[in-house]
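Examining the three-dimensional arrangement
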Amino acid sequence: MSFNFYVARNTLKTTRLRGPPRTSLIFGCSMDLLRTKDAGSVYEEWAREYGVAYEVPTTLGGNKIMLCDPKALAHFYSKETWTYVPTKFDLDFISQNFGKAILCVQGEDHKRQRRSLSPAFSQAAIRKLYHVFYNSAYKAKAAWESLIDANDGHSAVIEVQNWCVKLLIHLQLDTIGLAGFSHDFGSLDGKPTRVVKIFDTFAMSALNVPLLLLTQVFPLLLYLPTARGELFSDMNETLADVSKKFLERSKEEKDAGVVDGKDDKSIIGVLIKAKDAGADVQLSIEEILAQMKLFITAGYETTSVSMTWALIELARNPDIQTKLRAELLAFGSDPTYDQLNNSLPCLDAVVHETLRLHPPLEEFLRQAGEDDVIPLSEPIRTKSGRVVNSISVTRGTHIGISAACINCSTDIWGADAKVFRPERWLEEGGVPKKAQEVQGYRHILTFVDGPRTCLGKGFAVAEFKTVMVVLVKGFMFEMRDGPDTQIEMGMGLLPRPRVVGEDGTKLPLRVSRYGG
């Protein structure tokens, strides 16, 4: 009885919007969206047809409202963590695999955790660590030079995506291990580690799409035994073991006076400080271990996907690659952290154009924790034909935002929105007025926005830029099969680009030593 009342209340009070028809009785449009090559463009086409807010059928008769309007997005993000909260599936998935990490806590707990972690990701903290990024980047460079020497001394075909598992991904692990946790994973020195092997395996693990969609409705299905579920269990166990060792070693170093606990702004240093009884903001041991597991995984996965896309785009656009290399060579020595941010405009443009065009996390889903009214910047027509300038949502309504759509919408970014064109970040008026209304970092939603904006975005961008400096100065990149090589998406822990027809997530590029 109470369930029927809730459904009726939800139907009556939530503004019923137009949207695409249900293509599957069981899965709505969800299966199509997961299997399409470009979900962002699909969402954009629907926004053009149905308006800047519309309804998409989901699994087992459900629906979600998609927001494609800067004014609606600003309102949504201003109320995130309180009015708009993670779904039950997201909370259970993160809690099961990471524990009480910052991504799955809400309200005051989220504010407390974010406040305790912020010093580790401040500019001052990153400025002290950028030399560690260079250390890992030069290890990667040496490994690639060895591959070239073993071939003909001039160039070699390198499985870049595979090396985003065996090198570029490992570079992220080494960087987080060294810079974030005072631990060197050794993955760029040819030393195999259990952490690396587990992450490698995800690239060859098939995703059960129907089960995933059903699990989003019935989170208890997360506990069904599956091959991918076993991988997550292994990952959780391994990361917990590594994190405990980090914590023990770092505490020993602090107690022995090897590191100054007061001034230590590394991630592990900040976490240990938050555990102390006299800390302004305290974290439990359980919360500390959860943050460590999350940071290792998130830092490795997202940044390595972005790095792979950057190399693809440079290989596809040799003129842009040449221009970037010229800027880096003309600068001379390795730039400092401040110079990375302020003195290399072409590098900045290439990095942010990659982040705009290829967000590692393409879509975000939240549910309303309370009733709300979302304003719109332009009127839309509802399912009943009424024209409205705002929409009502009731508690429990699912709200979706597609970063891939917002970042690449021609209505927001102009006719060339889907073209890799770093110059837009350098030109007067290159970022259109409509795009400037998007309030996320650099007017893109790659790092989302609001109270849950990515805490490590400065850390990630600094890593990204440092690696690009070293690799682009040292090598030239070409598509192995020519500039018209087709790219599709494969599945690692997150979706990853691969050359059409290749197994797993393989992406071969021809890498040549740059001789000046």
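A brief structural summary. Just so it is clear, the model here is predicted, and its values are computed rather than measured. (Residues numbered from 1 in each chain as written. Predicted model: local features only at pLDDT ≥ 70, side-chain atom pairs only at ≥ 80, totals over all residues. Heavy atoms only, no water.)

Glycine aside, residues mostly have negative phi angles, and peptide bonds mostly take the trans form. The phi torsion at Leu60 lies on the positive side, around 55 degrees, for a residue other than glycine. Tracing the backbone through its elements, the reader meets Leu60 in the loop between strand 1 (53-57) and strand 2 (63-67). Residues other than glycine seldom take positive phi values, yet Val448 does so here, at roughly 50 degrees. Relative to the helices and strands, Val448 resides in the loop between helix 20 (433-436) and helix 21 (457-474). (Helix = DSSP H or I, 4+ residues; strand = E, 2+ residues; numbered from the N terminus.)

This part takes up the environment of Ile444. Mapped onto the elements of the fold, Ile444 is located in the loop between helix 20 and helix 21. Assessed through its relative accessible area of 1%, Ile444 is described here as buried. Ignoring anything within four residues of it in the chain, the contact list for Ile444 reads His352, Leu355, Arg356, Asn407, Trp413, Trp425 and Val438. (Buried < 20%, exposed > 50% of the residue type's maximum accessible area, 1.4 Å probe, protein only. Contact = heavy atoms within 4.5 Å.)

A few words on the side chain of Thr14. Residue position: Thr14 is located in the loop between helix 1 (2-13) and helix 2 (30-35). Looking at Thr14, the relative accessible area reads 9%, which means it is buried. Polar side-chain contacts of Thr14 include one of 3.3 Å to the side chain of Thr397. Setting aside chain neighbours within four positions, we find Thr14 in contact with Ile65, Ser392, Val393, Thr394 and Thr397. (Polar contact = N/O pair within 3.5 Å; in protein donor to acceptor, adjacent residues only side chain to side chain.)

Geometric values such as these leave the question of function open.
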